[in-house]
Amino acid sequence: TVPSKIFEYAAYGKPVLCGVQGEARTICARHTDCYYFDSDEPASLEDAIGRMMSGAAPDNRDVHRADASELLRSARGPLWQQVFSAAAHAVR
């Protein structure tokens, strides 16, 4: 995935299976709970899914998290905030 997509994933506020490296991994670690795996190793993905499903702490639990406002300042953050707000109102 491209780094800008990570901001969109993080906007959901859900844990992310993170099989990326570099800037994308750094963004993921700073904005959402991540369970890392090596993208070219199926066993690594299976292990990450197991950790996530078991309720284990995310792999980035000790990483300093960015303030939520940083996510909202990302290129698509305000757009996704509007989408989630509209969806929440539609459900009610």
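A few points on the structure. Keep in mind that what you see is a predicted model, and the values were worked out from it rather than measured.

1. Thoughts on a nonpolar patch on the surface
Argument step 1. A grouping of L17, L45, I49 and M53 is seen on the molecular surface, where their side chains present a nonpolar patch of about 340 Å² in accessible area.
Argument step 2. Within the secondary structure, L17 sits in strand β1 (residues 16-18).

2. Thoughts on the pattern of salt bridges
Argument step 1. Counted by the stated rule, this structure contains 3 salt bridges.
Argument step 2. Put simply, K5 and E8 hold a salt bridge, and the shortest N to O gap is 3.4 Å. Taken together, the residues span about one helical turn, with K5 and E8 both in helix α1 (residues 3-11) at a distance of 3 residues.
Argument step 3. Using a relative accessible area of 10% as the deciding quantity, one classes E8 as buried.
Argument step 4. A salt bridge links R51 to D59; the shortest N-O distance between them is 2.6 Å.
Argument step 5. Connected via shared salt-bridge partners are D47, R51 and D59.

3. Brief notes about the side chain of R51
Argument step 1. Among the structural elements, R51 can be located in helix α3 (residues 42-54).
Argument step 2. Excluding residues that lie within four positions of it along the chain, R51 makes contacts with Y35, Y36, A56 and D59.

4. Focus on the nonpolar core
Argument step 1. Within the largest apolar cluster, 11 residues are counted, these being I6, F7, V16, C18, V20, A24, I27, C28, A29, C34 and Y36.
Argument step 2. At the level of secondary structure, the elements contributing two or more residues to this core comprise α1, β1, α2 (22-31) and β2 (34-36).
Argument step 3. At 4 residues, the largest contribution of residues to this core is made by α2.
Argument step 4. If we ignore the near neighbours within four places in the chain, the residues touching A24 are P3 and I6.

5. Side note on the environment of T32
Argument step 1. By the secondary structure assignment, T32 is in the loop between α2 and β2.
Argument step 2. Note: C-alpha distance between T32 and Y9 (23 residues apart in sequence) is 8.5 Å.
Argument step 3. Setting aside residues no more than four positions away along its own chain, T32 makes contact with A10, K14, P15, V16, N60 and R65.
Argument step 4. Only 2.8 Å separates the side chain of T32 from the backbone oxygen of K14, close enough to count as a polar contact.

6. Details of the packing of α1 against α2
Argument step 1. Running from amino to carboxyl end, α1 crosses α2 at an angle of 20°, the nearest separation of the two axes being 8 Å. Considering their axes alone, α1 and α2 lie roughly parallel with respect to each other. Both α1 and α2 take part in a crossing whose hand is right-handed. Residue-level contacts link P3, I6, F7 and A10 of α1 to E23, A24, I27, C28 and H31 of α2.
Argument step 2. For the contact of α1 with α2, the class distribution of residues is 7 nonpolar, 1 polar and 1 charged.

Each value, and the rule that gives it
Counting of residues starts from 1 at the beginning of each chain's written sequence and follows it residue by residue. Residues qualify for local features only when their pLDDT is at least 70, as the model is predicted, and side-chain atom pairs are given and counted only at 80 or more; totals for whole chains, interfaces and linings, by contrast, use all residues. Side-chain calculation: all heavy atoms of the structure are included, whereas hydrogens and water are not. Here the term patch refers to residues with relative accessible area over 30% and no salt bridge, with like charges joined within 9 Å and nonpolar side chains (Val, Leu, Ile, Met, Phe, Trp, Tyr) within 5 Å. All accessibility values rest on the Shrake-Rupley procedure with a 1.4 Å probe; residue burial counts only the protein chains present in the view. Within this document, salt bridges are pairs made up of a side-chain nitrogen of Lys or Arg and a carboxyl oxygen of Asp or Glu, the two lying within 4 Å of each other. Only DSSP runs of H or I covering at least 4 residues are called helices, and only runs of E covering at least 2 are called strands; the numbering of each starts at the N terminus. When accessible area is computed with a 1.4 Å probe and restricted to protein chains, residues below 20% of their type maximum are described as buried, those above 50% as exposed, and intermediate ones as partly exposed. Should any heavy atoms of two residues lie within 4.5 Å, those residues are considered in contact. Here, the term nonpolar core denotes a set of buried Ala, Val, Leu, Ile, Met, Phe, Trp, Tyr and Cys residues that are joined through side-chain atoms within 4.5 Å. Any pair of nitrogen or oxygen atoms within 3.5 Å is treated as a polar contact; in protein, a donor-acceptor pairing is required on top of that, and neighbouring residues in sequence qualify only through side-chain atoms on both sides. Working convention: axes come from line fits to C-alpha atoms, limited for helices to the stretch in contact. Angles between N-to-C directions cover 0 to 180 degrees. With respect to orientation, any angle under 35 degrees is reported as roughly parallel, any angle over 145 as roughly antiparallel, any angle of 65 to 115 as roughly perpendicular, and every other angle as oblique. Two helices cross in a left-handed way if the nearer one is turned anticlockwise from the farther one by less than a right angle. They cross in a right-handed way if the turn is clockwise. Classes in brief: Ala, Val, Leu, Ile, Met, Phe, Trp, Tyr, Cys and Pro nonpolar; Asp, Glu, Lys and Arg charged; the others, Gly included, polar.

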